[in-house]
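So you can see what is in the structure, the chains are spelled out below.
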Amino acid sequence: TEKETVSAQADQLRQLDRAKSAFFANVSHEFRTPLTLTLGPLDDLQTGLHGPLPVQMAQQVDLARRNAGRVLDLINQILEVARLEAGRTPLRARPLDLGAFVEGLAQPFHQQAERKGLVLDVDPRSVEVYVDPQQLEKAITNLLSNAVKFTPEGGRVLVTVAAEGDAATVAVRDSG
């Protein structure tokens, strides 16, 4: 029957989604080991373990370390998503002033926005919520990063916090 076919297709999609998540988790985990083994020597060079570096070389080591650290952060995010999807990451919710939290997260993006000729406005309305700050931080900083990155010069990024009934909303709007 049609209902059985739809149910079988939905089950296949769920299995495919689980396989995809497992694949990304496995690949990410495999990338993590050599990356960690790369970061160690870079850290040793930065701290001068093998002697002082010429200024230009130290700058290149710092750049390599910063970019390798970014890649490790991305890998960790992929692994975190896989753990969340598998239900293995407990949320650690606590009371939080959402407006102050969002304003603090947006602060580092002001300088980046200025360099691009953008206006970054934040309306940090105080709203008490019960959330996992680490998980929320990932989502909001990702939205802010994309908004600043993809908004053309002279554009505007607006971040608002609102509350209606039992729900709170963080909106990131841009002209990009």
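Placed above this text is the structure.
Since the structure is predicted, the reported quantities are computational estimates derived from the model, not experimental observations.

**Some points on the overall build of the protein**
Okay, so step 1: In terms of helices and strands, the protein carries four helices and five strands.
Okay, so step 2: Of the regular secondary structure in the protein, the N- to C-terminal order runs α-α-β-α-β-β-α-β-β.
Okay, so step 3: For 176 residues, the compact-globule estimate of 2.2 N^0.38 gives 16 Å, and the protein exceeds it by more than 25% at 21 Å.
Okay, so step 4: For the protein, the spread of C-alpha atoms along the three principal axes comes to 70 × 40 × 35 Å.

**Structural notes on the environment of Thr141**
Okay, so step 1: For Thr141, the location among the structural elements is in helix 4 (residues 133-150).
Okay, so step 2: Distance in space between the C-alpha atoms of Thr141 and Phe109 is 9.0 Å, their sequence separation being 32 residues.
Okay, so step 3: For Thr141, the contacting residues outside a window of four places in its chain are Leu105 and Phe109.
Okay, so step 4: Only 3.4 Å separates the side chain of Thr141 from the backbone oxygen of Lys138, close enough to count as a polar contact.

**Section: the nonpolar core**
Okay, so step 1: Leu98, Val102, Leu120, Val129, Leu144 and Val159 are the most contacted members of the largest nonpolar core, which totals 20 residues.
Okay, so step 2: Looking at this core, the elements that each hand over two or more residues are helix 3 (98-115), strand 3 (128-131), helix 4 and strand 4 (156-164).
Okay, so step 3: It is helix 3 that contributes the most residues to this core, seven residues altogether.
Okay, so step 4: Each residue touching Val159, except ones within four places of it in the same chain, is listed here: Val102, Leu120, Asp121, Val122, Asp123, Leu144, Val170, Ala171 and Val172.
Okay, so step 5: Among the nonpolar cores identified, the runner-up in size contains ten residues, and Ala25, Leu35, Val61 and Leu79 belong to it.

**Thoughts on the environment of Thr38**
Okay, so step 1: Looking at where Thr38 falls in the secondary structure, it is placed in helix 1 (residues 2-46).
Okay, so step 2: A residue is classified by how much of its surface remains accessible, and Thr38, at 39% relative accessible area, is partly exposed.
Okay, so step 3: Considered as a pair, Thr38 and Ala68 are 30 residues apart in the sequence and their alpha carbons are 8.0 Å apart.

**Some remarks on a nonpolar patch on the surface**
Okay, so step 1: On the surface, Phe23, Phe24 and Ile78 cluster together into a nonpolar patch covering about 290 Å² of accessible area.
Okay, so step 2: Following the sequence through the fold, Ile78 ends up in helix 2 (residues 55-85).

**Brief notes about the side chain of Asp132**
Okay, so step 1: By the secondary structure assignment, Asp132 is in the loop between strand 3 and helix 4.
Okay, so step 2: Among buried Asp, Glu, Lys and Arg side chains, Asp132 stands out as unpaired, with Arg92 the closest opposite charge at 5.5 Å.
Okay, so step 3: When residues no more than four places from it in sequence are discounted, the contact partners of Asp132 are Pro90, Leu91, Arg92 and Ala93.

**A short note on the sheet that holds strand 5 (residues 167-174)**
Okay, so step 1: If you walk across this open sheet you meet the three strands as 2-4-5, and the pairing is mixed. On the outer flanks of this sheet lie strand 2 (119-123) and strand 5, each paired with one strand and no other. Looking at each pair of strands side by side, their axes are set apart by 10 degrees on average, direction ignored.
Okay, so step 2: As defined by bridge partners, strand 2 adjoins strand 4 across five bridges and the pair is classed as parallel. If you follow Val119 over to strand 4, its bridge partner there is Arg156.
Okay, so step 3: The sheet contacts of helix 3 involve strand 2, strand 4 and strand 5, and relative to strand 2 the element is tilted by about 175 degrees.
Okay, so step 4: Along the sheet face, helix 4 touches strand 4 and strand 5 and points at about 20 degrees away from the line of strand 5.

Calculation rules
- Residues numbered from 1 in each chain as written.
- Predicted model: local features only at pLDDT ≥ 70, side-chain atom pairs only at ≥ 80, totals over all residues.
- Heavy atoms only, no water.
- Helix = DSSP H or I, 4+ residues; strand = E, 2+ residues; numbered from the N terminus.
- Rg over C-alpha atoms; globule rule 2.2 N^0.38 Å.
- Contact = heavy atoms within 4.5 Å.
- Polar contact = N/O pair within 3.5 Å; in protein donor to acceptor, adjacent residues only side chain to side chain.
- Core = buried A, V, L, I, M, F, W, Y, C linked by side-chain atoms within 4.5 Å.
- Buried < 20%, exposed > 50% of the residue type's maximum accessible area, 1.4 Å probe, protein only.
- Patch = residues over 30% accessible without salt bridge, like charges linked within 9 Å, V, L, I, M, F, W, Y side chains within 5 Å.
- Areas by Shrake-Rupley, 256 points an atom, 1.4 Å probe, with all protein chains shown as cover.
- Salt bridge = Lys/Arg side-chain N within 4 Å of Asp/Glu carboxyl O.
- Lys, Arg positive; Asp, Glu negative; His and termini not counted.
- Pairing = 2+ DSSP bridges.
- Axes fitted to C-alpha atoms, helices over the stretch in contact; angles between N-to-C directions.

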